[in-house]
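Breakdown of the fold
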Amino acid sequence: MIYASNKVDHAIRYQSLEDNKYIRYFSGHNQQVTSLEMVTDSSDNLLPGFISASKDMTVRLWDLKKPECIAAIDCSDQNLVNQKSTSNKKYYQPLTAIDPENLVFAVVTTILDQSLAELRFYDIRNYSQGPFLIYNIVIHNQAEIHKIRFSPDGKYLLLITNLQKAYICDTVVSGVVKDFTFSSSRYKRSLSGNNSNSKYTFNPLIGNFTPDGQYLFFCREDGSIKWFKIDDWTDIGHKWEMY
(Lines give C-alpha, C1' and ligand atoms only; values in the text may rest on other atoms or scores of the structure.)
Protein backbone atom coordinates (compact mmCIF):
# COMPACT_ATOMS: atom_id res chain seq x y z
CA MET A 1 0.00 0.00 0.00
CA ILE A 2 1.25 3.48 -0.93
CA TYR A 3 -0.05 6.48 0.98
CA ALA A 4 0.90 10.01 2.00
CA SER A 5 1.03 11.27 5.56
CA ASN A 6 2.07 14.44 7.37
CA LYS A 7 2.32 12.77 10.78
CA VAL A 8 6.08 13.29 10.94
CA ASP A 9 6.96 14.79 7.57
CA HIS A 10 5.54 14.65 4.05
CA ALA A 11 7.27 11.44 3.02
CA ILE A 12 5.22 8.90 1.09
CA ARG A 13 4.99 5.53 2.79
CA TYR A 14 5.14 2.08 1.20
CA GLN A 15 3.58 -0.38 3.65
CA SER A 16 3.18 -4.13 3.58
CA LEU A 17 -0.33 -5.16 4.62
CA GLU A 18 0.80 -8.74 5.18
CA ASP A 19 3.05 -7.99 8.16
CA ASN A 20 2.13 -4.33 8.78
CA LYS A 21 5.69 -3.14 8.20
CA TYR A 22 7.03 -0.26 6.17
CA ILE A 23 8.99 -1.33 3.12
CA ARG A 24 10.22 2.10 2.12
CA TYR A 25 9.83 5.84 2.66
CA PHE A 26 9.89 8.14 -0.36
CA SER A 27 11.24 11.54 0.68
CA GLY A 28 11.25 14.71 -1.40
CA HIS A 29 8.02 16.62 -0.93
CA ASN A 30 8.11 19.30 1.79
CA GLN A 31 4.41 20.16 1.77
CA GLN A 32 1.13 18.25 1.68
CA VAL A 33 0.79 15.63 -1.06
CA THR A 34 -2.30 16.32 -3.20
CA SER A 35 -2.23 13.36 -5.62
CA LEU A 36 -0.86 9.81 -5.69
CA GLU A 37 -1.26 7.85 -8.93
CA MET A 38 -0.01 4.31 -9.44
CA VAL A 39 1.22 3.09 -12.83
CA THR A 40 -0.86 -0.05 -13.35
CA ASP A 41 1.90 -1.79 -15.30
CA SER A 42 5.36 -0.68 -14.21
CA SER A 43 7.14 -3.81 -15.49
CA ASP A 44 8.57 -1.67 -18.28
CA ASN A 45 11.78 -0.12 -16.96
CA LEU A 46 10.91 3.13 -18.75
CA LEU A 47 7.81 3.61 -16.61
CA PRO A 48 7.74 5.02 -13.06
CA GLY A 49 6.09 3.04 -10.27
CA PHE A 50 3.90 5.96 -9.23
CA ILE A 51 3.54 9.72 -9.60
CA SER A 52 2.82 12.25 -6.86
CA ALA A 53 1.90 15.94 -6.72
CA SER A 54 2.26 18.30 -3.79
CA LYS A 55 1.51 21.80 -2.58
CA ASP A 56 5.26 22.39 -2.76
CA MET A 57 4.51 22.90 -6.49
CA THR A 58 6.31 19.80 -7.72
CA VAL A 59 5.19 16.62 -9.41
CA ARG A 60 7.55 13.71 -8.75
CA LEU A 61 8.01 10.38 -10.50
CA TRP A 62 9.12 7.43 -8.40
CA ASP A 63 10.55 3.95 -8.77
CA LEU A 64 9.15 1.65 -6.09
CA LYS A 65 12.65 0.27 -5.48
CA LYS A 66 14.28 3.65 -4.79
CA PRO A 67 13.66 6.12 -1.92
CA GLU A 68 14.53 9.17 -4.06
CA CYS A 69 12.41 10.35 -6.96
CA ILE A 70 13.65 9.67 -10.48
CA ALA A 71 12.36 13.03 -11.75
CA ALA A 72 10.74 16.22 -10.44
CA ILE A 73 8.64 18.65 -12.47
CA ASP A 74 8.41 22.26 -11.32
CA CYS A 75 4.77 23.35 -11.64
CA SER A 76 5.49 27.01 -10.93
CA ASP A 77 7.22 27.61 -14.28
CA GLN A 78 5.37 30.71 -15.41
CA ASN A 79 6.61 30.88 -18.99
CA LEU A 80 5.26 27.67 -20.49
CA VAL A 81 1.90 28.97 -21.71
CA ASN A 82 2.64 32.62 -22.38
CA GLN A 83 6.25 33.41 -23.16
CA LYS A 84 5.50 37.16 -23.16
CA SER A 85 3.95 37.22 -19.71
CA THR A 86 6.04 38.86 -17.01
CA SER A 87 3.40 38.98 -14.27
CA ASN A 88 3.70 36.70 -11.28
CA LYS A 89 1.01 34.04 -11.23
CA LYS A 90 -0.34 32.64 -7.99
CA TYR A 91 -0.21 28.90 -8.65
CA TYR A 92 -2.04 26.61 -6.25
CA GLN A 93 -2.15 22.87 -5.55
CA PRO A 94 -1.00 20.87 -8.58
CA LEU A 95 -2.84 17.62 -9.23
CA THR A 96 -1.87 14.68 -11.41
CA ALA A 97 -3.59 11.74 -13.08
CA ILE A 98 -2.48 8.89 -15.37
CA ASP A 99 -4.51 7.72 -18.35
CA PRO A 100 -5.76 4.10 -18.32
CA GLU A 101 -3.20 2.96 -20.93
CA ASN A 102 -0.20 4.30 -18.96
CA LEU A 103 0.73 6.44 -21.96
CA VAL A 104 0.04 9.96 -20.69
CA PHE A 105 -0.09 11.76 -17.38
CA ALA A 106 -1.72 15.12 -16.81
CA VAL A 107 -0.80 17.90 -14.41
CA VAL A 108 -3.42 20.52 -13.56
CA THR A 109 -2.74 23.61 -11.49
CA THR A 110 -5.14 26.39 -10.46
CA ILE A 111 -3.93 29.95 -11.09
CA LEU A 112 -5.88 31.67 -8.33
CA ASP A 113 -5.35 35.32 -9.16
CA GLN A 114 -6.47 34.91 -12.78
CA SER A 115 -9.39 32.44 -12.47
CA LEU A 116 -7.55 29.98 -14.69
CA ALA A 117 -6.57 26.34 -14.64
CA GLU A 118 -3.39 25.27 -16.40
CA LEU A 119 -3.37 21.82 -18.02
CA ARG A 120 -0.20 20.01 -19.06
CA PHE A 121 -0.04 16.61 -20.75
CA TYR A 122 3.15 14.52 -20.76
CA ASP A 123 4.21 11.39 -22.59
CA ILE A 124 4.98 9.11 -19.65
CA ARG A 125 8.07 7.68 -21.39
CA ASN A 126 9.38 11.05 -22.55
CA TYR A 127 8.42 13.36 -19.71
CA SER A 128 11.91 14.90 -19.74
CA GLN A 129 11.02 16.53 -23.08
CA GLY A 130 8.31 18.59 -21.41
CA PRO A 131 4.55 18.57 -22.06
CA PHE A 132 3.35 17.76 -25.58
CA LEU A 133 0.16 19.76 -24.92
CA ILE A 134 -0.37 22.69 -22.57
CA TYR A 135 -3.21 25.19 -22.33
CA ASN A 136 -5.25 27.30 -19.92
CA ILE A 137 -8.99 27.28 -19.36
CA VAL A 138 -11.10 29.94 -17.66
CA ILE A 139 -12.75 28.68 -14.49
CA HIS A 140 -15.33 30.20 -12.16
CA ASN A 141 -14.18 33.04 -9.92
CA GLN A 142 -12.87 31.67 -6.58
CA ALA A 143 -12.94 28.12 -7.94
CA GLU A 144 -10.06 25.72 -7.30
CA ILE A 145 -9.53 22.43 -9.09
CA HIS A 146 -9.49 19.74 -6.41
CA LYS A 147 -9.82 16.48 -8.39
CA ILE A 148 -8.95 15.30 -11.91
CA ARG A 149 -9.80 12.04 -13.70
CA PHE A 150 -9.16 10.59 -17.17
CA SER A 151 -12.02 9.00 -19.07
CA PRO A 152 -11.59 5.25 -19.68
CA ASP A 153 -10.68 5.87 -23.34
CA GLY A 154 -8.23 8.66 -22.42
CA LYS A 155 -9.98 11.22 -24.68
CA TYR A 156 -11.18 13.48 -21.86
CA LEU A 157 -9.96 14.84 -18.56
CA LEU A 158 -12.53 15.64 -15.88
CA LEU A 159 -11.76 18.64 -13.66
CA ILE A 160 -13.85 18.99 -10.49
CA THR A 161 -13.76 22.20 -8.46
CA ASN A 162 -14.35 23.09 -4.82
CA LEU A 163 -17.57 24.76 -5.97
CA GLN A 164 -20.51 23.14 -7.75
CA LYS A 165 -18.77 23.27 -11.14
CA ALA A 166 -16.90 20.76 -13.30
CA TYR A 167 -15.19 20.82 -16.68
CA ILE A 168 -14.54 18.19 -19.35
CA CYS A 169 -11.32 18.99 -21.23
CA ASP A 170 -9.84 17.53 -24.39
CA THR A 171 -6.59 15.58 -24.09
CA VAL A 172 -5.57 15.85 -27.75
CA VAL A 173 -6.29 19.49 -28.63
CA SER A 174 -6.74 22.45 -26.30
CA GLY A 175 -10.21 23.35 -25.10
CA VAL A 176 -13.18 22.66 -22.85
CA VAL A 177 -15.56 20.10 -24.34
CA LYS A 178 -18.33 20.55 -21.76
CA ASP A 179 -18.84 22.34 -18.46
CA PHE A 180 -21.34 21.62 -15.71
CA THR A 181 -22.88 23.94 -13.11
CA PHE A 182 -25.12 22.74 -10.29
CA SER A 183 -27.25 24.75 -7.91
CA SER A 184 -26.43 24.62 -4.20
CA SER A 185 -29.11 26.90 -2.83
CA ARG A 186 -30.82 24.26 -0.67
CA TYR A 187 -27.72 23.23 1.19
CA LYS A 188 -25.74 26.40 1.78
CA ARG A 189 -23.76 26.31 5.00
CA SER A 190 -23.01 29.61 6.67
CA LEU A 191 -19.46 30.30 7.78
CA SER A 192 -20.71 32.76 10.41
CA GLY A 193 -23.71 31.19 12.06
CA ASN A 194 -27.11 32.59 11.13
CA ASN A 195 -25.86 36.01 10.05
CA SER A 196 -27.72 36.91 6.86
CA ASN A 197 -24.67 38.79 5.59
CA SER A 198 -22.27 35.90 6.14
CA LYS A 199 -20.43 34.05 3.40
CA TYR A 200 -21.37 30.52 2.43
CA THR A 201 -19.32 27.45 1.65
CA PHE A 202 -20.34 24.31 -0.21
CA ASN A 203 -19.18 20.73 -0.20
CA PRO A 204 -17.24 20.05 -3.42
CA LEU A 205 -18.66 17.81 -6.10
CA ILE A 206 -17.74 14.15 -6.29
CA GLY A 207 -17.74 12.73 -9.79
CA ASN A 208 -16.19 10.25 -12.20
CA PHE A 209 -16.66 8.28 -15.39
CA THR A 210 -18.22 4.84 -15.25
CA PRO A 211 -15.76 2.00 -16.04
CA ASP A 212 -17.43 1.28 -19.39
CA GLY A 213 -16.85 4.88 -20.47
CA GLN A 214 -20.50 5.46 -21.38
CA TYR A 215 -21.61 7.67 -18.51
CA LEU A 216 -20.46 10.48 -16.26
CA PHE A 217 -21.92 10.97 -12.80
CA PHE A 218 -21.79 13.61 -10.08
CA CYS A 219 -22.71 13.14 -6.42
CA ARG A 220 -24.06 16.43 -5.12
CA GLU A 221 -24.26 17.78 -1.59
CA ASP A 222 -28.09 17.63 -1.58
CA GLY A 223 -27.88 13.83 -1.80
CA SER A 224 -28.66 13.50 -5.51
CA ILE A 225 -26.66 11.66 -8.16
CA LYS A 226 -26.71 13.29 -11.57
CA TRP A 227 -26.02 11.20 -14.70
CA PHE A 228 -24.93 12.17 -18.22
CA LYS A 229 -24.34 10.17 -21.40
CA ILE A 230 -20.82 10.81 -22.66
CA ASP A 231 -21.48 10.45 -26.39
CA ASP A 232 -23.64 13.60 -26.49
CA TRP A 233 -23.54 14.78 -22.81
CA THR A 234 -27.29 14.21 -22.50
CA ASP A 235 -28.66 14.75 -19.00
CA ILE A 236 -30.46 11.51 -18.12
CA GLY A 237 -31.71 12.80 -14.77
CA HIS A 238 -31.34 11.75 -11.16
CA LYS A 239 -30.68 8.15 -10.25
CA TRP A 240 -31.51 8.79 -6.62
CA GLU A 241 -32.32 11.80 -4.53
CA MET A 242 -32.65 12.29 -0.78
CA TYR A 243 -34.88 15.02 0.67
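Everything below is about the structure printed above this text.
In what follows, the accompanying structure is described. These figures come from a predicted structure and were not determined experimentally.

**As for the sheet that holds strand β11 (residues 133-138)**
One open sheet holds the 4 strands; their spatial order is β8-β9-β10-β11, and the pairing between them is antiparallel. The open sheet terminates on both sides in strands that have one partner only, identified here as β8 (91-98) and β11. Direction aside, the axes of adjacent strands within the sheet are offset by 20° on average. Relative to β11, strand β10 (residues 116-123) runs antiparallel, the two being bridged by 6 bridges. Bridge pairing in β11 places L116 opposite V138.

**Here's the deal with the sheet that holds strand β14 (residues 165-170)**
Spatially, β12-β13-β14-β15 is the arrangement adopted by the 4 strands of the open sheet, whose pairing is antiparallel. Where the open sheet ends on each side, the last strands, each with one partner, are β12 (145-150) and β15 (176-181). Pairs of neighbouring strands in the sheet enclose a mean axial angle of 15°, with direction left out of account. Relative to β15, β14 runs antiparallel, the two sharing 5 bridges. If you follow Y167 over to β15, its bridge partner there is D179.

**Describing the side chain of R60**
One can find R60 in strand β6 (residues 58-62). At 4.6 Å, D56 is the nearest oppositely charged side chain to R60, a buried residue that forms no salt bridge. Polar contacts involving the side chain of R60 include one to the main-chain carbonyl oxygen of G28, which spans 3.5 Å.

**Concerning the pattern of salt bridges**
For the structure on display, the rule yields 5 salt bridges. Among the ionic pairs, D235 bridges to K226, the shortest N-O distance being 3.2 Å. Between D231 and K229 there is a salt bridge whose closest N-O contact spans 3.9 Å.

**Describing the pairing of strand β7 (residues 71-74)**
Every second residue of β7 is oriented toward a common face, the buried set being A71 and I73 and the non-buried set A72 and D74. Strand direction decides the pairing type here: β6 and β7, joined by 4 bridges, are antiparallel. Across the sheet, residue R60 finds its bridge partner in β7, namely A72.

**Some thoughts on the pairing of strand β19 (residues 215-219)**
Only one face of β19 is covered, namely the one carrying L216 and F218; the face carrying Y215, F217 and C219 has none of its residues buried. The pairing of strand β18 (residues 206-209) with β19 spans 4 bridges and is antiparallel. In the sheet register, N208 faces β19, and the bridge partner there is F217. Two successive antiparallel strands, β18 and β19, enclose a turn made up of 5 residues, where G213 displays a positive phi of approximately 75°. In this structure, β19 lies alongside strand β20 (residues 225-229), joined through 5 bridges in antiparallel fashion. By the bridge assignment for β20, F218 is matched with K226. From the end of β19 to the start of β20, which pair antiparallel, there are 5 residues, and G223 there has a positive phi angle of about 95°.

Calculation notes
- Residues numbered from 1 in each chain as written.
- Predicted model: local features only at pLDDT ≥ 70, side-chain atom pairs only at ≥ 80, totals over all residues.
- Heavy atoms only, no water.
- Pairing = 2+ DSSP bridges.
- Helix = DSSP H or I, 4+ residues; strand = E, 2+ residues; numbered from the N terminus.
- Axes fitted to C-alpha atoms, helices over the stretch in contact; angles between N-to-C directions.
- Buried < 20%, exposed > 50% of the residue type's maximum accessible area, 1.4 Å probe, protein only.
- Lys, Arg positive; Asp, Glu negative; His and termini not counted.
- Salt bridge = Lys/Arg side-chain N within 4 Å of Asp/Glu carboxyl O.
- Polar contact = N/O pair within 3.5 Å; in protein donor to acceptor, adjacent residues only side chain to side chain.

The values are spatial; any link to function lies outside them.
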